[in-house]
Each structure stands twice: as C-alpha cells, then as structure tokens.
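Observations on the model geometry
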Amino acid sequence: MSAALKSTVFGLALAAAVLATERRSPVLAHHGGGVEYFMDQTRGPVTGVVTGFAFTFPHPYIEFDVKDGTGNIQKWSAVFQPTPTALREAGWTRDSVKKGDTLVVSGPPHKTAQNVLFARRVEINGKLLPQGD
Amino acid sequence: MERLLRSMACRSVVVRKACFVVTAAFAAAIFADVTEMAAPAQQSFDPRDVAGHWVRTTPIVSFGNVPSGGRDNPTVQEAPFTPEGRKRYDANKPGYGPRRSTQRNDPLGRCEPLGLPRQLNAEIVEPHSTWQIVQTPGRIVQFFEYRHDWREIWMDGRALPASKDAEPKWNGYSVGRWDGNTLVVESIGFDDRSWIDKFGYPHSDEMRLEERYRRVDAETLELVMTITDPVVYAKPWSSDTKRMKLNREKTKRWDEQIYCVPSEEFPFQRLIQSGNVVEP
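Residues numbered from 1 in each chain as written. Chains lettered and ligands numbered in written order. Predicted model: local features only at pLDDT ≥ 70, side-chain atom pairs only at ≥ 80, totals over all residues.

On to the sheet that holds strand S5 (residues 116-118) of chain A. All names here are of chain A. If you walk across this open sheet you meet the seven strands as S5-S3-S2-S1-S4-S6-S7, and the pairing is mixed. Bordering the open sheet on either side are S5 and strand S7 (127-128), each of which pairs with just one other strand. The pairing of strand S3 (residues 73-79) with S5 spans three bridges and is classified as parallel. Considered in S5, the bridge of Ala 78 is made with Leu 117. (Pairing = 2+ DSSP bridges. Helix = DSSP H or I, 4+ residues; strand = E, 2+ residues; numbered from the N terminus.)

Have a look at this one:
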C-alpha cells in the first residue's frame, strides 16, 4: 500500500471512529427551531452593525442594526441554536462579537417576529464563526 | 479483511482500493463501538453506590415514551387522565413535543422552579448540563446543573410526613431505602404549579412519586418513575426506563452555574414572542 493510500485509510478510519462516537451525541437530541422558525427557508445574507451580544442561557443572540433601502435603521436579531456552553466548546467567548462589529448573517426567519433570524451562518468582520452544535 | 472485501461487491480491481478504504473505516468504527461496550463489564462496582455525575443516554425529556419531535408517527403510551387531569393537560401550552406551540405558558420560560419529577426529565444531558448524585450514610443529595437546583433524599429511616403536614414544595419531601440493590425513593408534598415534563403533563398537590434506581453496571444507572395522583391520573402511571451514563470526565471540569436569570430569560422570551412572559 502506498504511503498516500495508508494515510487516506487512517484518515477515513479516524473519521468513521469519530462518527461512531458522535452519532450517539445527546446534543443531537436538543430541541430544533421548527416551532418558531421556518426551517425550510433562508433569509439573508443580511448585513448590519452589531449593537449587542447576549451570551446567555438559554440561547445566545446578537442584536444588530440594518439600513433599509430608504436609509432608515431597522432593528434585527439573530438567535443561536447552541447554548453558551456549546458555543464555548466551539471556541466562543462573550467577546467573540462586539458592539460596532460588521455582521453578515443568514438563516431561517422567525414565524411571527419581524427581523428575527435563526443564526445558521454568521460572519463577523469578514470571518466565519464556527457553530457549536 | 481480504475475505470481507470479497464478500462485499468489491470484485473490480478498479474499485478494490476504494472498497478497502471504506471497509477499514467501518471496521475501525465497529471496533470503537465494541471496545466502548465491553469496558463496563470489566470494571467492578458497588450496586449500592449511585454517586457521580450522570448524563442521560435515553430520550428522557418526557416522563412517558412520547418522542421529542412528535413528527414520526409516534406510538405513544397515553397518560391515564381523569377528566380533571385532561382539563389541566389541555390548559398547559408547551413549547416542545407533539403539542408544541409558539404561544405557551411553560413555567420554565418564567424562571419558575422546574420541581420534581421534571428535573429528572429535563436537561440532564451534555454539553450544557449534567446531574450529580452525592451519597452519604444518612442522605443522598441530587444536584441539577440546569437551573442550579438540588433536592435531598433522607436515608436515615425516617418516615414521610403525614400528607396534611406536608406543605407543598417544588421538590417535595423524599425518603429512600434499599430494596435489595434497588434504591426506592418515595416523595409527597409537591407544589402543583410545576409540570412533570416539558410536554406539559400536569400533577396535583396530591401526587405521590416513586423512583426506583438500579445501577446495572459500572457505567450505567437506570431509573423508573411511577406517579400516583388520583386527581390527575385514574391509575398509577409509570415512565419508561431512563438510562444514565457515568461521566468521569465531568468531575474534572467547572460547573456551568445555569441559573434562570429573569433579566436574561425574559428579554429572550419576548424576542421569540413565546407568550411565556406574564407581567406580575
């Protein structure tokens, strides 16, 4: 077996072993956002300026201002599925998002609350943030 | 491995290498499973020792066997409601399970205590929460990281208070005893404002709760709960078997201190328009 093939085998075996452990992860049993969000839809990417970051239980959220077509400021929020614990394990801190940061976010829209998104993809100052779930 | 490859549809030389890679990967995965399953049997344990950090491995979010999603044609062991019980159940509007709704009145969203047995049916799950049992000769204490709550089970042989003397409390009054290697905990005196799980099943202040714990191996604790509550349920109602796995790693980490903080929870509930927040 070539060295390249060996390393591919090792890599795949490792990935499979990780999957074998991960598939039982109770995190997957955590509730989905289907009750509040249209999970089959995506809104965005929406670009705005961060005005607040609540890194708190049960679910962290970012508040941000978005300029609409007429130049007026609209208040928006993006809510995370993971808890602060899960986000911390993915490397987040409460300083990961700061007032004045430029945010680009996309995700399923809330069913009733205007300008509220389920944060699926979040970029802060051009850098993609990892999700904790 | 060679025989395994032949037994699969890996006869073409071209796909042989790819098949080898996939088979090796699956073999590694199976090996990982087997070693993990074999480990508990090799360790000795005291069946009357229930101390440690425990994490659920079964879907314990509901008291009964109601699936959490409610979308997969669930086969549900329905609760044996009395007419009064059905009325109370219908009045509870949960955010989870088959009856989940955007307009809810879950005590959880108002920072009210979860109470028992809901704590046992709640977030005793990684990563954000676990459940710790501390055992002393006269008392067992259970710590619930989610909502940073705790309850005590008296093991000193005392009797439960008479029902008329048991002022309703969120976690009730609990005494325990050993029946062989099964820990049997009896509780009365519950505040009827709590739900028994996040799906909105109710109870009255006449609820009597029995918990039966069994340590089946070094890594596994099993729990079956039975509720006797003549106001809400026409006959005693038992949960399915809940299983918890010992988390040795957790003892080395900081606790999360997950309090319910009204100044954080209420703005969140308002943001998602849950209907949970009721102004005092």
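A few words now on helix H4 (residues 262-271) of chain B. For the α-helix, the turn length of 3.6 residues means that residues three or four positions removed from each other point alike. Along H4(B), the residues classified as buried are Glu265(B), Phe268(B) and Gln269(B). Buried positions in H4(B), seen along its axis, are confined to an arc of 100° and lie on one side of it. (Buried ≥ 20, exposed ≤ 12 C-beta atoms within 10 Å, placed from the backbone. Arc of directions from axis to C-beta.)

Here we come to the nonpolar core. Within the largest apolar cluster, 39 residues are counted, with the highest numbers of intra-cluster contacts made by Trp54(B), Ile124(B), Tyr201(B), Leu221(B), Met225(B) and Ile227(B). Of all elements in the fold, only strand S3 (139-144), strand S6 (182-188), strand S7 (208-217), strand S8 (220-228) and strand S10 (242-246) of chain B reach the threshold of two or more residues within this core. Per-element tally for this core: the top contributor is S8(B), with four residues. Ranked by size, the runner-up nonpolar core spans 23 residues in total, among them Phe53(A), Ala54(A), Phe118(A) and Ile272(B). (Core = buried A, V, L, I, M, F, W, Y, C linked by C-beta atoms within 7 Å.)

This part is about the pairing of S3(B). All names here are of chain B. Judged by which residues are buried, S3 turns out to be one-sided: Ile 140, Gln 142 and Phe 144 face inward and are buried, whereas Arg 139, Val 141 and Phe 143, on the alternate face, are not. In this sheet, strand S4 (residues 149-154) lies alongside S3 in antiparallel orientation, the contact comprising six bridges. When the bridges of S4 are listed, Phe 144 appears paired with Asp 149.

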